[in-house]
Amino acid sequence: MSDTFTTSTTTGWFSRIGDSIKGILFGLLLIVISFPLLFWNEGRAVKTRKSLDQGSNEVVSLTSTTPDSANNGKLVHLTGEATTEQVLKDEKYNISTQALVLKRTVEMYQWQEDEKTETKKKLGGSEETITTYSYNKVWHEGRIDSSSFHKSAEYKNPMAAEQSQSLTADPITVGGFTLSDSLKSKLSDFTPLPIKPVGPMPETIVGKKVTVSDQNIYLGADPSNPALGDLRISYSVVTPGEISIISKQKDQSFESYTADAGGKINMLVHGNQSAAAMFEAAHQSNKVMTWVLRAVGFIVMWIGFGLLFAPLSVIADVIPLAGSIVGAGTSIIAFLLSLPLSLCTIAVAWIFYRPLIGIPLIVLAVGFFVLLIVKLKKARA
């Protein structure tokens with residue numbers, strides 16, 4: 001059952017105009033930021049692509065996991081069994097296992113604030129904002145900062161008495177090779193670890209009663225009826241198993257490979273994957289990231305232009321319907337300005353990095369500008 005309450009605030013027409021005028025400066029800042037963001041992203045994409053292309057052409061696939069000095073300094077691909085002789089142990093809770101990585105996850109039962117806002121325009125240009133706050137107790141890893149809650153005095157989360165942590169075996173070997181720290185950080189195939197303490201568990205820890213089950217260690221009076229501040233601890237592991245690596249061989253270990261374009265190659269995936277499959281996956285990841293950042297740059301520019309035109313819709317809000325119509329119109333204009341400008345920025349970047357692709361984009365962007373001018377002339381007529 002959540003605790004809920006609602007607040008209502010009214011902002012006058014003149015205050016809204018003042019706020020919208022202040023927003024113009026922020027809108028200009030967003031527009032300025034969007035151009036270098038879009039340009040940088042295209043350079044990043046090209047650098048990554050060139051680096052991956054060079055890597056796929058130069059990579060040497062090893063048929064053995066025994067280091068060969070002839071491959072020292074080369075980009076190599078190998079598949080083998082990642083193993084360790086080290087037993088990882090969380091001393092405090094007597095949890096011990098032979099694994100590549102042992103991760104302790106600590107969740108605390110605590111307050112979480114959810115906020116829902118509804119805005120209504122009124123005749124005369126004022127605006128009423130109705131905000132509903134709801135508070136629920138949830139299990140959450142780490143402490144939710146309750147000082148930012150609207151009612152921080154009534155809903156205050158205690159400090160977490162325990163923290164999540166991760167232990168990584170050292171060394172981890174693949175045949176005669178030893179994984180570098182950067183490759184070990186990419187081990188991510190976690191599976192739950194049943195709770196089986198190797199020694200007696202204290203009756204209390206951090207002042208709380210300890211209850212042990214197969215799934216977790218519970219710190220609190222009653223697991224079936226959790227109280228604020230109770231803790232739930234679980235474990236997961238990356239077990240020894242087959243991995244595939246693409247990295248630069250450095251004696252009996254590895255380090256990042258730097259391509260001529262400046263991109264770095266240092267890959268690790270779980271399972272048996274060929275070099276071609278790993279490079280293909282890296283290319284796909286680069287494409288996705290490129291489109292995500294393009295969308296971010298475009299949206300930032302769109303919001304910026306929207307803030308520039310915001311005073312127009314606020315002025316028209318003396319009659320709410322008129323303000324909504326003007327707001328929709330300015331949003332469309334902001335979109336029609338942002339799209340060709342984003343395309344132009346991307347095109348200029350591609351002309352700088354890849355001319356054969358950039359020039360057609362410039363033509364497309366000019367077409368959007370021409371369409372915008374034609375639409376504005378029709379609207380004026």
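What you are looking at is a predicted structure, and each value in this text was computed from that prediction instead of being measured.

Points about the overall build of the protein chain
Tallying secondary structure elements over the protein chain gives 5 helices and 20 strands in all. Its C-alpha radius of gyration of 29 Å places the protein chain more than 25% over the 21 Å reference for a compact globule of 381 residues. Its C-alpha atoms give the protein chain principal-axis dimensions of roughly 80 × 65 × 25 Å. Split into buried and exposed, the 381 residues of the protein chain put 39% on the buried side. Summed over its atoms, the accessible surface of the protein chain is roughly 20,400 Å², and 59% of this surface lies on carbon and sulfur atoms. Counting 35 positive and 34 negative side-chain charges, the protein chain places the centres of these two groups 10 Å from one another.

What about the pattern of salt bridges?
Summed over the entire model, instances satisfying the criterion amount to 11 salt bridges. Residue Arg104 pairs with Asp90 through a salt bridge whose shortest N-O separation is 2.8 Å. Taken as a pair, Arg104 in strand 6 (residues 101-121) and Asp90 in strand 4 (residues 88-90) lie far apart in primary sequence, 14 residues in all. The shortest N-O distance in the salt bridge between Asp181 and Lys184 comes to 3.4 Å. With Asp181 and Lys184 both in helix 2 (residues 181-184) and 3 residues apart, the pair spans about one turn of that helix. Relative accessible area serves as the criterion here: at 9%, Lys184 is assigned to the buried category. One continuous salt-bridge network, built from bridges that share partners, spans Asp90, Lys92, Arg104 and Glu162.

Thoughts on helix 3 (residues 275-316)
It helps to recall that an α-helix has 3.6 residues per turn; residues three or four apart then point in one direction. If you check helix 3, its first and last C-alpha atoms are 61 Å apart, about what 42 residues at 1.5 Å a residue would give, namely 62 Å. Most pronounced at Phe309, the bend in helix 3 amounts to some 45 degrees, and the proline Pro311 follows within four residues.

Overview of the side chain of Glu162
Within the fold, Glu162 resides in the loop between strand 7 (127-141) and strand 8 (165-168). A distance of 2.5 Å separates polar atoms of two side chains, one belonging to Glu162 and the other to Lys92. Here the side chain of Glu162 touches Tyr93 through a polar contact of 2.7 Å, side chain to side chain. Residues contacting Glu162, with those up to four places away along its chain left out, are Lys92, Tyr93, Arg104, Val106, Ile205, Val206 and Leu231.

What about the packing of aromatic side chains?
Scanning the entire structure with this criterion turns up 12 aromatic pairs. When the centroid spacing of 5.5 Å and the interplanar angle of 85 degrees are considered together, the rings of Phe298 and Phe335 count as edge-to-face. With Phe298 in helix 3 and Phe335 in helix 4 (residues 320-353), the pair connects residues that are 37 residues apart, well separated along the chain. Between the aromatic rings of Trp302 and Phe335, the centroid separation amounts to 5.1 Å while the plane-to-plane angle is 70 degrees, which identifies the pairing as edge-to-face. Here Trp302 is found in helix 3, whereas its partner Phe335 is found in helix 4, with 33 residues between them in sequence. Using a relative accessible area of 29% as the deciding quantity, one classes Trp302 as partly exposed.

Concerning the layout of surface pockets
A volume near 230 Å³ is recorded for the second largest pocket. Lining the second largest pocket we find 13 residues, and of these Thr48, Leu52, Lys264, Ala282 and Ser285 sit closest to its centre. Secondary structure elements with two or more residues in the lining of the second largest pocket: helix 1 (13-58), strand 19 (264-265) and helix 3. Residue composition of the lining of the second largest pocket, by class: 5 nonpolar, 6 polar and 2 charged.

Cut-off values and rules
- Residues numbered from 1 in each chain as written.
- Predicted model: local features only at pLDDT ≥ 70, side-chain atom pairs only at ≥ 80, totals over all residues.
- Heavy atoms only, no water.
- Helix = DSSP H or I, 4+ residues; strand = E, 2+ residues; numbered from the N terminus.
- Rg over C-alpha atoms; globule rule 2.2 N^0.38 Å.
- Buried < 20%, exposed > 50% of the residue type's maximum accessible area, 1.4 Å probe, protein only.
- Areas by Shrake-Rupley, 256 points an atom, 1.4 Å probe, with all protein chains shown as cover.
- Lys, Arg positive; Asp, Glu negative; His and termini not counted.
- Charge placed at Lys NZ, Arg CZ, Asp CG, Glu CD.
- Salt bridge = Lys/Arg side-chain N within 4 Å of Asp/Glu carboxyl O.
- Expected span 1.5 Å × (residues − 1).
- Bend = angle between axes of the 7 residues up to and from the residue.
- Polar contact = N/O pair within 3.5 Å; in protein donor to acceptor, adjacent residues only side chain to side chain.
- Contact = heavy atoms within 4.5 Å.
- Phe/Tyr/Trp six-rings, centres within 6.5 Å; stacked < 30°, edge-to-face > 60°.
- 1 Å grid on protein atoms, 1.4 Å probe; cavity = no way out; pocket = protein on both sides within 12 Å on 5 of 7 lines; lining within 4 Å.
- Points joined across faces, edges and corners; volume = space filled by probe spheres on them.
- Nonpolar A, V, L, I, M, F, W, Y, C, P; charged D, E, K, R; others polar.

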